[in-house]
Amino acid sequence: MNNTFLNKLLDTNAGWDALALRIPVGIIFVAHGAQKLFGWFGGYGLEGTGQWLDSIGLSPGYLMALLAGGTEFLGGLALIIGLLVRPASAALAFAMLIAIFSVHFQNGLFMSNNGYEFALALLAASVSLLFSGAGHASVDRLATK
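Fair warning: this is a prediction, and the values are worked out from it, not measured in the lab.

Cut-offs used in this document
- Residues numbered from 1 in each chain as written.
- Predicted model: local features only at pLDDT ≥ 70, side-chain atom pairs only at ≥ 80, totals over all residues.
- Heavy atoms only, no water.
- Salt bridge = Lys/Arg side-chain N within 4 Å of Asp/Glu carboxyl O.
- Helix = DSSP H or I, 4+ residues; strand = E, 2+ residues; numbered from the N terminus.
- Buried < 20%, exposed > 50% of the residue type's maximum accessible area, 1.4 Å probe, protein only.
- Polar contact = N/O pair within 3.5 Å; in protein donor to acceptor, adjacent residues only side chain to side chain.
- Patch = residues over 30% accessible without salt bridge, like charges linked within 9 Å, V, L, I, M, F, W, Y side chains within 5 Å.
- Areas by Shrake-Rupley, 256 points an atom, 1.4 Å probe, with all protein chains shown as cover.
- Expected span 1.5 Å × (residues − 1).
- Arc of directions from axis to C-beta.
- Axes fitted to C-alpha atoms, helices over the stretch in contact; angles between N-to-C directions.
- Parallel < 35°, antiparallel > 145°, perpendicular 65-115°, else oblique.
- Contact = heavy atoms within 4.5 Å.
- Nonpolar A, V, L, I, M, F, W, Y, C, P; charged D, E, K, R; others polar.
- Core = buried A, V, L, I, M, F, W, Y, C linked by side-chain atoms within 4.5 Å.

J.: Got a sec to walk through the pattern of salt bridges? Specific residues and values, please.
T.: What the rule picks out here adds up to 1 salt bridge. Put simply, Lys36 and Glu72 hold a salt bridge, and the shortest N to O gap is 2.9 Å. Here Glu72 lies in helix α4 (residues 61–81) and Lys36 lies in helix α2 (residues 16–38), a separation of 36 residues in the sequence.

J.: So, the side chain of Thr12: which residues are in play, and what are the values?
T.: Looking at the element boundaries, Thr12 is found in the loop between α1 (3–10) and α2. Among the residues examined, Thr12 registers a relative accessible area of 5% and is labelled buried. Of the polar contacts made by the side chain of Thr12, one reaches the backbone oxygen of Ser132; its length is 2.9 Å. Within the structure, Thr12 has its side chain in polar contact with the backbone nitrogen of Gly135 (distance 3.0 Å).

J.: Summarise unusual backbone geometry; cite the residues concerned and give the values.
T.: Backbone torsion omega between Ser59 and Pro60 reads -5°, so that peptide bond is classified as cis. Relative to the helices and strands, Pro60 resides in the loop between α3 (45–55) and α4. Unusually for a residue other than glycine, Asn114 sits at a positive phi of about 60°. Exposure remark for Asn114: the relative accessible area of 41% places this residue in the partly exposed category. Even without being a glycine, Ala137 presents a positive backbone phi close to 55°. Structurally, Ala137 is set in the loop between α6 (117–132) and α7 (139–143).

J.: If you had to explain a nonpolar patch on the surface to someone new, which residues and values would you point to?
T.: Residues Ile81, Leu83, Leu84 and Val139 make up a contiguous nonpolar surface patch of about 290 Å² in total accessible area. By the secondary structure assignment, Leu83 is in the loop between α4 and α5 (85–104).

J.: Describe in detail α6, supporting the description with residues and values.
T.: The end-to-end C-alpha distance of α6 is 22 Å, a good match for the 22 Å that 16 residues give at a rise of 1.5 Å each. Among the residues of α6, those classed as buried are Ala119, Leu122, Leu123, Ala125, Ser126 and Leu129. Looking straight down α6, one finds its buried side chains confined to an arc of 165°; they lie on one side. Phi turns positive, to about 85°, at Gly133, one or two residues after α6.

J.: Lay out the packing of α2 against α3 with the relevant residues and their values.
T.: Packing of α2 against α3 brings their axes to within 4 Å, and their N-to-C directions diverge by 90°. The orientation of α2 relative to α3 falls into the category roughly perpendicular. Contact with α2, carried on its side by Gln35, Lys36, Leu37 and Phe38, involves Gly45, Leu46 and Thr49 of α3 and no other residues of that element. Classifying every residue of the contact of α2 with α3 by side-chain character gives 3 nonpolar, 3 polar and 1 charged.

J.: Outline the nonpolar core, supporting the account with residue identities and numerical values.
T.: Ranked by internal contacts, the top residues of the largest apolar core, which has 19 residues, are Val25, Phe29, Leu79 and Met96. Contributions of two or more residues to this core are made by α2, α5 and α6. Ranked by residue count, the leading element in this core is α5, at 7 residues. Setting aside residues no more than four positions away along its own chain, Phe29 makes contact with Glu72, Phe73, Gly76, Leu79, Leu92, Met96, Leu122 and Ser126. Formed by 7 residues, the second largest nonpolar core is a distinct cluster that contains Val30, Ala34, Leu37 and Leu46.

Here it is in structure tokens:
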């Protein structure tokens, strides 16, 4: 990987607004990933999440739980500290697309019916950070200075 590619990957013209988005969205993703991976915050852990994912046709469930949980947990941490925000945001956006169309879409928009509105908001935030980059107070910004 050459230095130019790395600079483009880490580059950001965003200001403090990206930080205001990164922190809360990162916390949400970390918490949801921890539910899937470790069973924290009332989650089912890898085994339970894997069984559920198998039951809805996302097989092998254990691997899918590891991928989804890992993406959310590590991607969320990346957002919080501002490290590799663009690739983390791309992975998180992809995870939200899968969640929307494999779990929530058939239930309609509203969360009260297990709909896709929350996943859609997280998708929008992830896409926004994919385009803007990490902004101020980030490892990405420090690395490109």
